[in-house]
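Summary of the model geometry
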Amino acid sequence: MHIGIATGLFIVSYIVQLLLCFKAKSTQTKLIPFYFGLFVAFFGLLVYAEVFGYMSTGSFIGNMHILSAIIIWIAVLIIYIGLLLAKITHSIVKYIQRRNDK
C-alpha cells in the first residue's frame, strides 16, 4: 500500500509538471508544483516543531509528531523527484526537437 501511495505521488507530480512545462508560458506558472512542495515541507517543519500543540505524553504516541514530519518530508522528496524528472524529460524533448529542426 505504501508503494502504491508513493508511486501515485510520483506519477501525479510528474504528469502535472510535464503538462505545465509544455503548455504554460510563464516561468512562475511552471513553478507552481515546486511552490506547493515547499509549502508542504514547511508544514512538515511546523509539525516537527509542535506548533500545532504539545503532543508529548511520555509514551510512544507522544513522539508521533516526529514520525508524521518524517513521512511528510519523504512525500515531498518523492514529489520533487517527479518534478525533476519531468524537467529533464522536457529538456530532452526540446533538445531533440531543436536538433531535428536544423
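Residues numbered from 1 in each chain as written. Predicted model: local features only at pLDDT ≥ 70, side-chain atom pairs only at ≥ 80, totals over all residues. Heavy atoms only, no water.

1. Remarks on the side chain of Lys30
Stated precisely, the cut-off is as follows: The helix and strand labels rest on DSSP assignments: H or I over at least four residues marks a helix, E over at least two residues marks a strand, and numbering proceeds from the N terminus. When a residue's accessible area, from a 1.4 Å probe over protein chains only, is under 20% of the maximum for its type it is buried; when over 50% it is exposed; and in between it is partly exposed. His is not counted, nor are the chain ends, whereas Lys and Arg count as positive and Asp and Glu as negative. Salt bridge, as applied in this entry: a Lys or Arg side-chain nitrogen positioned within 4 Å of an Asp or Glu carboxyl oxygen. What makes two residues a contact is simply this: any of their non-hydrogen atoms within 4.5 Å.
Within the element layout of this structure, Lys30 appears in helix α2 (residues 27-30). For Lys30, which is buried and forms no salt bridge, the nearest opposite charge comes from Asp101, at a distance of 16 Å. In this view, Lys30 contacts Gln17, Leu20, Cys21 and Ala24; residues no more than four positions away in its chain are not counted.

2. Quick look at the environment of Leu18
Relative to the helices and strands, Leu18 resides in helix α1 (residues 2-23). Overall, the relative accessible area of 18% leaves Leu18 in the buried class. For the pair Leu18 and Thr89, spaced 71 residues apart in sequence, the C-alpha to C-alpha distance is 7.8 Å. Other than its neighbours up to four places away in sequence, Leu18 contacts Ala86, Thr89 and His90.

3. Some words on helix α4 (residues 64-101)
Counted only if it meets this: Multiplying one less than the number of residues by 1.5 Å gives the expected span of a helix.
With 38 residues, α4 ought to run about 56 Å at 1.5 Å a step, and its terminal C-alpha atoms sit 56 Å apart, in line with that. For α4, the complete set of buried residues consists of His65, Ala69, Ile72, Val76, Ile78, Ile79, Gly82, Leu83, Ala86 and His90. In the core, the buried residues of α4 are packed alongside α1 and α3 (32-48).

4. Brief notes about the environment of Pro33
Locating Pro33 in the fold gives a position in helix α3. Considered as a pair, Pro33 and Ile79 are 46 residues apart in the sequence and their alpha carbons are 8.6 Å apart. Discounting chain neighbours no more than four positions away, the residues touching Pro33 are Val16, Gln17, Leu20 and Leu83.

5. Observations concerning a nonpolar patch on the surface
Here is the rule: Patch rule: a residue counts if its relative accessible area is over 30% and it has no salt bridge; like charges are joined within 9 Å, and nonpolar side chains (Val, Leu, Ile, Met, Phe, Trp, Tyr) within 5 Å. Per-residue accessibility takes into account occlusion by the displayed protein chains alone, with areas from the Shrake-Rupley method and a 1.4 Å probe.
On the surface, Leu77, Ile81, Leu84, Leu85, Ile88, Ile92, Tyr95 and Ile96 cluster together into a nonpolar patch covering about 730 Å² of accessible area. Secondary-structure assignment places Ile92 in helix α4. On the basis of relative accessibility, which here comes to 47%, the residue Ile92 falls in the partly exposed class.

6. Concerning the packing of aromatic side chains
Aromatic rings in a pair are described by how distant their centres are and how their planes are angled relative to each other. We count it as follows: For this analysis, a ring pair means two rings from Phe, Tyr or Trp (six-membered ring only for Trp) whose centres lie within 6.5 Å, classed as stacked if their planes differ by under 30 degrees, edge-to-face if by over 60, and tilted for the remaining angles.
Evaluated as defined, the whole model comprises four aromatic pairs. A ring pair is formed by Phe10 and Tyr14, whose centres lie 6.1 Å apart and whose planes are at 20°; its orientation type is stacked. In this pair, Phe10 and Tyr14 are both assigned in helix α1, four residues apart and thus about one turn of the helix distant. For Tyr14, a relative accessible area of 23% gives the class partly exposed. Considering the side-chain rings of Tyr48 and Trp73, the 5.8 Å spacing of their centres and the 45° angle between planes classify their relative orientation as tilted.

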